[in-house]
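Inside the fold
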Amino acid sequence: MSGDGRFAGRRALVTGASRGIGAALAVELARQGADVAITARTLDAHPTLPGSLRETASAIEAHGRRALPLVADLTDADDRAGIVADAAAGLGGPVEILVNNAAAAIYQPLVDFPLKRRRLVFEVNVHAPLDLAQAALPAMLAAGEGWIVNVSSGSATHRSAPFPTTALGSTIGVYGASKAALNRLTNALAEELWGSGVRVNTVEPRNAVHSEGADLLVGGELPADLYETMADMVAGTLVLCDCPPETSGGTHVSLDLLGK
């Protein structure tokens with residue numbers, strides 16, 4: 001295995017890593033020296049979307065790093081409870097970098113948004129990241145350092161009247177509310193851990209990122225200049241995966257972190 005690179009010798013866990021931002025980030029962490037545990041609901045290909053945990057694992061191993069696919073359903077508290085421990089066991093040591101990238105994005109009008117779906121969105125986007133952070137924290141605190149990065153969204157920001165009559169409109173409200181909750185919990189956890197060496201931040205794209213899931217949801221609805229590259233989103237996220245202790249508690253924008 002290669003021993004050089006920005007993340008040489010680090011152990012990372014990335015959720016939602018079968019495709020999109022999660023897969024690209026996991027592979028880039030490996031390219032820069034990390035061993036990476038990856039998780040998603042299934043090991044093999046999705047029936048309608050390209051990409052799989054197995055493919056991401058192969059791409060990680062192509063860089064000479066250890067890949068550990070972990071199949072888990074983040075909507076199930078019992079199923080996700082063992083992810084961090086399994087990652088540590090499989091990688092040969094505690095998780096040092098946790099990236100909570102997985103998200104449930106269900107877009108529909110609020111006037112008839114079912115409670116079951118609201119609960120699912122918050123289970124994946126709010127409760128799962130906090131549960132995984134809580135599981136990773138004891139080892140991070142014992143080591144005196146660690147990096148927790150929660151992937152958020154600009155949809156967390158309030159919109160102002162007069163409201164545009166876009167296709168998304170209020171249909172993104174539950175998803176945005178879950179990301180606003182994630183931002184606040186991230187900030188509060190960072191304050192609680194201040195001085196411990198554990199950094200906790202969120203990162204969001206300035207513009208939409210072309211990924212398989214995002215394109216399925218909003219593909220064709222946004223003009224080209226409202227997208228940013230996958231490479232920029234990944235690079236911005238990586239800034240927070242090795243940031244100094246004083247960089248904690250922020251809601252960061254990918255392109256801002258890159259000075260773009």
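For the structure itself, look to the data block above.
Keep in mind that what you see is a predicted model, and the values were worked out from it rather than measured.

Right, let's get into the overall build of the chain. Helices and strands together make up the secondary structure of the chain, namely 9 helices and 9 strands. For a compact globule of 260 residues, the expected C-alpha radius of gyration is about 18 Å, and the chain comes in at 17 Å, within 12% of that figure. If one aligns the C-alpha atoms of the chain with their principal axes, the spans along those axes are about 55 × 40 × 40 Å. Buried residues in the chain amount to 48% of all 260 residues. In the chain, of all internal contacts separated by at least 6 residues, the share reaching a separation of at least 24 is 71%. Counting only carbon and sulfur atoms, one obtains 55% of the accessible surface of the chain, whose full area is about 11,900 Å². Within the chain, one finds 20 positive and 28 negative side-chain charges whose respective centroids are separated by 2 Å.

If you trace the 7 strands from one edge of the open sheet to the other, you get β3-β2-β1-β4-β5-β6-β9, paired in parallel fashion. Pairing within the sheet leaves two strands with one partner each, and these edge strands are β3 (67–71) and β9 (251–253). Taken pair by pair, the neighbouring strands of this sheet meet at an average axis angle of 20 degrees, ignoring direction. When strand β2 (residues 35–40) meets β3, the two strands line up parallel, connected through 5 bridges. Its bridge partner lying in β3, Thr39 is registered against Leu70.

Further remarks concern the packing of aromatic side chains. Tallied over the full model, the rule gives 1 aromatic pair. Where Tyr107 meets Tyr175, the ring centres are 5.7 Å apart and the plane angle is 65 degrees; that geometry is what we call edge-to-face. In this pair, Tyr107 is assigned in the loop between β4 (97–100) and α5 (115–143) and Tyr175 in helix α6 (residues 173–193), connecting sequence segments 68 residues apart. Judged by its relative accessible area of 24%, Tyr107 is partly exposed. The exposure class of Tyr175 is buried, given its relative accessible area of 10%.

What follows deals with the pattern of salt bridges. By the definition in use, this model includes 11 salt bridges. One salt bridge in this structure joins Arg54 and Asp44, with 2.6 Å as the shortest N-O distance. In this pair, Arg54 is assigned in helix α2 (residues 53–61) and Asp44 in the loop between β2 and α2, connecting sequence segments 10 residues apart. In the salt-bridge network here, residues are joined through shared partners; they are Arg10, Arg11, Glu96 and Glu145.

A covalent bond bridging the sulfur atoms of two cysteines is what the word disulfide describes. Scanning all chains against the criterion turns up 0 disulfides. This cysteine, Cys241, is not joined by any disulfide, and Cys243 carries the nearest cysteine sulfur, 8.1 Å off. Overall, the relative accessible area of 1% leaves Cys241 in the buried class. Since its relative accessible area comes to 3%, Cys243 is described here as buried.

Once that is clear, we can look at unusual backbone geometry. Across residues other than glycine, the phi torsion is negative in most instances, and most of the peptide bonds are trans. In this chain, Ala161 is followed by Pro162 through a cis amide linkage whose omega measures 0 degrees. With respect to the helices and strands, the residue Pro162 is situated in the loop between β5 (146–151) and α6.

A word on the pairing of strand β6 (residues 198–204). For β6, the buried fraction is high: 7 of the 7 residues fall into the buried class. Every second residue of β6 is oriented toward a common face, with Val198, Val200, Thr202 and Glu204 on one face and Arg199, Asn201 and Val203 on the other, all of them buried. Bridge count between β5 and β6: 6 bridges; the pairing is parallel. Its bridge partner being in β6, Gly146 is matched across the sheet by Val198. Relative to β9, β6 runs parallel, the two being bridged by 3 bridges.

Criteria and cut-off values
Residues numbered from 1 in each chain as written. Predicted model: local features only at pLDDT ≥ 70, side-chain atom pairs only at ≥ 80, totals over all residues. Heavy atoms only, no water. Helix = DSSP H or I, 4+ residues; strand = E, 2+ residues; numbered from the N terminus. Rg over C-alpha atoms; globule rule 2.2 N^0.38 Å. Buried < 20%, exposed > 50% of the residue type's maximum accessible area, 1.4 Å probe, protein only. Contact = heavy atoms within 4.5 Å. Areas by Shrake-Rupley, 256 points an atom, 1.4 Å probe, with all protein chains shown as cover. Lys, Arg positive; Asp, Glu negative; His and termini not counted. Charge placed at Lys NZ, Arg CZ, Asp CG, Glu CD. Pairing = 2+ DSSP bridges. Axes fitted to C-alpha atoms, helices over the stretch in contact; angles between N-to-C directions. Phe/Tyr/Trp six-rings, centres within 6.5 Å; stacked < 30°, edge-to-face > 60°. Salt bridge = Lys/Arg side-chain N within 4 Å of Asp/Glu carboxyl O. Disulfide = S-S within 2.5 Å.

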